[in-house]
Amino acid sequence: MTDRKEFRDLADPEDARQAIASLDLTPDPEQVPLAEARGRVLAERIDAALDVPGFDRASMDGYAVRARDTFGADESDPASLELAGAVHAGEEPDVAVEEGHAVEISTGAVMPEGADAVVMVERTEESDDGETVLVRTAVAPGDHVMLAGADVAAGERALGPGTRLTAREIGLLSALGVESVPVGGKPTVGIVSTGDELVRPGEEVDSAAGQIYDVNSYTVATAVEEAGGEPKLYPHAGDDYDEMEAILREAADECDLVLSSGSTSASAVDVIYRVIEERGELLLHGVAVKPGKPMLIGRVGESAYVGLPGYPVSALTIFRTFVAPAVREAAGVPEPATATVEARMAAEERYGEGRMRMMPVGLVEDAGSDGPGDLLAYTTDKGSGATTSLVEADGVVEVPADTAYVAEGESVEVQLFSPEVRPPTALGVGEDDPALARLLDALERPRYLSVGSREGLRRLRDGVPDFAVTSGGSADDRGVEATELAAYDREWGLVVPAGNPEEVAGLVDLVDRDLRFVNRGSDSGLRTSLGNAVADLADDRGVSRHDLVESIDGFGLAAKAHESPARKVAGEQADAGLGLRATAEKLGLGFVPVGSETVRVLANPDRTEKSGVRELRRALDEELDAVLSELPGFGR
């Protein structure tokens, strides 16, 4: 039996940053075509090899003249000059300007020999016969002329190393005739997800065997690209020493940095730390940070190596906090100015684990008196394994190890997961409901957290979301102030297999027969409706509600979403499940009606004029009836 590998003394987060900074990720510069250079960073100075413009040219339409021929000219006493021809842009002049003469010229055209100024056409008048032109203003040498090299002179420093190439710089390089440019290489980052349970998206996953889709490979690869690196995905490695070693060594030979996720904890099957110790150098194992304690830092051959945690949110958080800065530095990409924002905590958050905490938070705009108000940050931590936290969290707040709590209203700095992160136009919480899910499609950029009616009301009372959706009870019953935007009914009951083979007739069958049942979570309004119906049945029988609950096999087995119990029934894992008629018909299952409950959409009274809430109200007013008509058992 293999001994368990215990963590060494947990390193301070600053030590982890320094360890990663000590790893050389910088790739060699490369030459790329100008057409592919956007967003890249110049590796060396570029000097102009020619004048821009390369000739003296007219900066407006008019007449090329010898300036001294116009001295003293004005509206009352114009100078009369003989026309000697014309010069247009893109052609070589075939005429010269002699004393007392002028040449018609177009903007951008080469100045003809002898001319040293241009008179704008608006200050001239050409004779009817086209032989002469009257000049009604005096000009000085150089007026309305761009001299050769006036923009960029040959030999002049055009752009320096470290310049990020945008449309402006590409335009300048084009003007200089540059075909390709030397740029800093993008660090190649090999990504290896580990674990026997992983399956790549697109392949069949066997949930019964504990298989899950590989989230980290694509999540981390995208984060690498955002930081300026070039991700390279490798086949996922199982928890086998030889397989792990082969993949890591291949990645180390081909990449500047290797990232693995998973297999970094103290489990006996986790073998990466042994590969690093035997084939390279292990600099650090274990950091006093949550999430991400089991982080590994080291080298494999000439390549740097960082082992990320296995849970997606933890992996992304640790990458964003510790690894992304090193990738950006190696790529010559500065941290975006919008990578951090200031916000106020929406509610108090207590903490006391003695480790620096990278606290995932979502963002929502409060309502101001004349438009958007302050940004509020609310915690979204569902546990390290919750994949939905990837889209519910906008960034992290770094909480020092010695902090006991973060107070409501306290100013915090939010490190965004991406510069493109924007707060939702409307944040909703509460009951999982198919009608609401369809209505939200009509909103620009909403975010909805299915936390159940009870939790939704609690958060609405605390003033965090813009709106909450509840069922199975009233907001007034819980002392929550809210503005009702809409209300509708949905039919609920017991979802059973197609054809109802057990001939379930109602709740009495769950109580009196040996049937397997799947319930909803305790925060669900649907479960509240069930609880009320069970209480009524208990009253009819003259027994306690507790006695009836105890007699229902699976009453305490809580499933997450409104379809979850029905899917358990469809998978032959239960004889009946709590659900909606609409769900049963959607999945081709049977349905035993028990009752109807009211769904309420409740707005935060302080945010009814927020644009996202107004948009929600419009969708409810204009589209709700059509949505309800498409869902069996729904109506007003």
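Conventions and cut-offs
- Note on numbering: residues in each chain are counted from 1, in written sequence order.
- The predicted origin of the model limits local features to residues at a pLDDT of at least 70 and limits the giving and counting of side-chain atom pairs to 80 or more, whereas totals for whole chains, interfaces and linings rest on all residues.
- To obtain the side-chain values, all non-hydrogen atoms of the structure were included, while hydrogens and water were left out.
- Labels follow the DSSP assignment, with helices taken as runs of H or I lasting at least four residues and strands as runs of E lasting at least two, numbered in each case from the N terminus.
- Three exposure classes are used, based on accessible area relative to the maximum for each residue type with a 1.4 Å probe and protein chains only: buried under 20%, partly exposed in between, and exposed over 50%.
- The contact criterion used is simple: two residues touch if any of their non-hydrogen atoms lie within 4.5 Å.
- For the area figures, the Shrake-Rupley method with a 1.4 Å probe applies, and any residue is considered shielded solely by the protein chains shown.
- Counting rule for charge: Lys and Arg are taken as positive, Asp and Glu as negative, and neither His nor the chain ends is counted.
- A charge is said to be at NZ when it belongs to Lys, at CZ for Arg, at CG for Asp and at CD for Glu.
- Take a side-chain nitrogen of Lys or Arg and a carboxyl oxygen of Asp or Glu: if they are within 4 Å of each other, that pair is a salt bridge.
- Only rings of Phe, Tyr and Trp enter the pairing, Trp through its six-membered ring, and a pair is recorded when the two centres are within 6.5 Å. The plane angle decides the type: under 30 degrees is stacked, over 60 is edge-to-face, the rest tilted.
- Look at NZ for Lys and CZ for Arg. If either is within 6 Å of the ring centre and within 35 degrees of the ring normal, a charge sits over the ring.
- Definition used in this section: a nonpolar core is a set of buried Ala, Val, Leu, Ile, Met, Phe, Trp, Tyr and Cys residues joined via side-chain atoms within 4.5 Å.
- Note on pairing: two strands pair once DSSP finds at least 2 bridges between them.
- Axis definition: a line fitted to C-alpha atoms, limited for helices to the stretch in contact. Angles are taken between N-to-C directions and run from 0 to 180 degrees.
- Small angles under 35 degrees read as roughly parallel and large ones over 145 as roughly antiparallel, with 65 to 115 read as roughly perpendicular and the rest as oblique.
- Left-handed describes a crossing whose near helix is turned anticlockwise from the far helix by less than a right angle; the clockwise case is right-handed.
- Under this grouping Gly is polar, as are all residues other than the nonpolar Ala, Val, Leu, Ile, Met, Phe, Trp, Tyr, Cys and Pro and the charged Asp, Glu, Lys and Arg.
- Residue count minus one, scaled by 1.5 Å, sets the expected span of a helix.

Digging into the overall build of the chain
(1) Moving on: The number of helices and strands found in the chain is 15 helices and 37 strands.
(2) Moving on: In terms of its C-alpha atoms, the chain occupies a principal-axis envelope of roughly 120 × 65 × 50 Å.
(3) Moving on: Relative to its full complement of 636 residues, the chain shows a buried share of 50%.
(4) Moving on: Across the chain, the fraction of contacts at a sequence separation of at least 24, relative to all contacts at a separation of at least 6, is 72%.
(5) Moving on: In the structure as shown, the chain presents an accessible area of about 29,000 Å², 44% of it carried by carbon and sulfur atoms.
(6) Moving on: Of the side-chain charges in the chain, 59 are positive and 120 negative, and the distance between the mean point of each set is 8 Å.

Observations regarding the environment of Val 504
(1) Moving on: Assignment of secondary structure puts Val 504 in the loop between strand 32 (483-496) and helix 10 (507-512).
(2) Moving on: In sequence terms Val 504 and Pro 53 are 451 residues apart; their C-alpha atoms lie 88 Å from each other.
(3) Moving on: Beyond its immediate sequence surroundings of up to four residues, Val 504 is in contact with Leu 494, Val 496, Asp 509, Arg 513, Leu 515 and Val 592.

Brief notes about the pattern of salt bridges
(1) Moving on: Across all of its chains, the model carries 39 salt bridges by this definition.
(2) Moving on: For Arg 45, the salt bridge goes to Asp 47, with nearest N and O atoms at 2.8 Å.
(3) Moving on: Judged by relative accessible area, which is 47%, Arg 45 ranks as partly exposed.
(4) Moving on: A residue is classified by how much of its surface remains accessible, and Asp 47, at 34% relative accessible area, is partly exposed.
(5) Moving on: Taking the shortest distance from any N to any O, the salt bridge between Glu 245 and Arg 279 comes out at 2.3 Å. On the criterion of sequence distance, the pair formed by Glu 245 in helix 4 (residues 241-254) and Arg 279 in helix 5 (residues 272-279) is long-range, its members being 34 residues apart.
(6) Moving on: With a relative accessible area of 10%, Glu 245 lands in the buried category.

Brief notes about the side chain of Thr 70
(1) Moving on: Mapped onto the fold, Thr 70 is located in the loop between strand 4 (62-65) and strand 5 (79-87).
(2) Moving on: The contact partners of Thr 70, leaving out residues within four places of it in the chain, are Val 65, Val 119, Val 135, Thr 137, Ala 138 and Val 139.

Section: the packing of aromatic side chains
(1) Moving on: A full pass over the atoms with the stated rule returns two aromatic pairs.
(2) Moving on: Here the aromatic rings of Tyr 448 and Phe 467 are separated by 6.1 Å at their centres, their planes lie at 25 degrees, and the arrangement is stacked. In this pair, Tyr 448 is assigned in strand 30 (residues 446-449) and Phe 467 in strand 31 (residues 467-471), connecting sequence segments 19 residues apart. The pair formed by Tyr 448 and Phe 467 is uniform in burial state, with each residue classed as buried.
(3) Moving on: A cation over a ring is seen here: Arg 350 above Tyr 405, with NZ or CZ 5.0 Å from the ring centre.

Considering the nonpolar core
A general feature of soluble globular proteins is that nonpolar side chains tend to end up buried together.
(1) Moving on: The biggest cluster of nonpolar side chains holds 48 residues, and the ones touching the most others in it are Phe 467, Tyr 488 and Phe 517.
(2) Moving on: Looking at this core element by element, the count peaks at seven residues for helix 15 (residues 611-629).

Side note on the sheet that holds strand 4
(1) Moving on: Strand order in the open sheet made by the six strands is 7-4-6-5-9-8, with mixed pairing throughout. Lying at the two open borders of the sheet, with one neighbouring strand each, are strand 7 (117-120) and strand 8 (124-126). Here the average twist between neighbouring strands, direction ignored, is 40 degrees.
(2) Moving on: In this structure, strand 5 lies alongside strand 9 (residues 132-135), joined through four bridges in antiparallel fashion. Bridging from a neighbouring strand, Glu 82 pairs with Thr 132 of strand 9.

Re the packing of helix 1 (residues 13-21) against helix 6 (residues 312-331)
(1) Moving on: Direction vectors running N to C along helix 1 and helix 6 enclose 25 degrees, while the axes themselves pass 9 Å from each other. Considering the angle they form, helix 1 stands roughly parallel to helix 6. The two elements helix 1 and helix 6 cross, and the hand of that crossing is right-handed. Between helix 1 and helix 6, the contacting residues are Pro 13, Ala 16, Arg 17 and Ile 20 on the first element and Thr 321, Phe 322, Val 323 and Ala 326 on the second.

Examining the sheet that holds strand 20 (residues 296-300)
(1) Moving on: Spatially, 16-13-17-21-20-18 is the arrangement adopted by the six strands of the open sheet, whose pairing is mixed. In this open sheet, the two edge strands, each paired with only one partner strand, are strand 16 (230-233) and strand 18 (280-285). Across this sheet, the average inter-strand angle for adjacent strands is 20 degrees, counted without regard to direction.

Some points on the pairing of strand 28 (residues 411-416)
(1) Moving on: Bridge count between strand 22 (residues 340-345) and strand 28: five bridges; the pairing is antiparallel. Note on strand 28: the bridge partner recorded for Val 341 is Val 414.
(2) Moving on: Strand direction decides the pairing type here: strand 26 (residues 395-399) and strand 28, joined by three bridges, are antiparallel. Residue pairing in the sheet places Val 397 in a bridge with Val 414 of strand 28.

Some points on the packing of helix 4 against helix 5
(1) Moving on: For the pair helix 4 and helix 5, interaxial distance at closest approach is 10 Å and the crossing angle is 60 degrees. As judged from the angle between their axes, helix 4 and helix 5 are oblique. For helix 4 against helix 5, the interelement crossing comes out right-handed. Taking contact as the criterion, the partners of Tyr 241, Met 244, Glu 245, Leu 248 and Arg 249 in helix 4 are, on helix 5, Ile 272, Arg 274, Val 275, Glu 278 and Arg 279.
(2) Moving on: Here the residues of the contact of helix 4 with helix 5 sort into five nonpolar, no polar and five charged.

Quick word on the side chain of Arg 328
(1) Moving on: The residue Arg 328 is located in helix 6 in this model.
(2) Moving on: Classification of Arg 328 as buried rests on a relative accessible area of 10%.
(3) Moving on: Residues contacting Arg 328, with those up to four places away along its chain left out, are Ala 227, Val 333, Pro 334, Glu 335 and Pro 336.

Here's the deal with helix 4
(1) Moving on: Between its terminal C-alpha atoms helix 4 stretches 20 Å, which fits the 20 Å expected from 14 residues at 1.5 Å a residue.
(2) Moving on: Looking only at helix 4, the buried set comprises Tyr 241, Met 244, Glu 245, Ile 247, Leu 248, Ala 251 and Ala 252.
(3) Moving on: Of the surrounding secondary structure, the elements contacted by the buried residues of helix 4 are strand 13 (188-193), strand 17 (257-261), helix 5, strand 20 and strand 21 (303-308).

Some remarks on the environment of Leu 530
(1) Moving on: Here Leu 530 is to be found in helix 11 (residues 525-541).
(2) Moving on: A residue is classified by how much of its surface remains accessible, and Leu 530, at 1% relative accessible area, is buried.
(3) Moving on: Each C-alpha atom, one on Leu 530 and one on Leu 507, is 9.1 Å from the other, the two residues being 23 residues apart in sequence.

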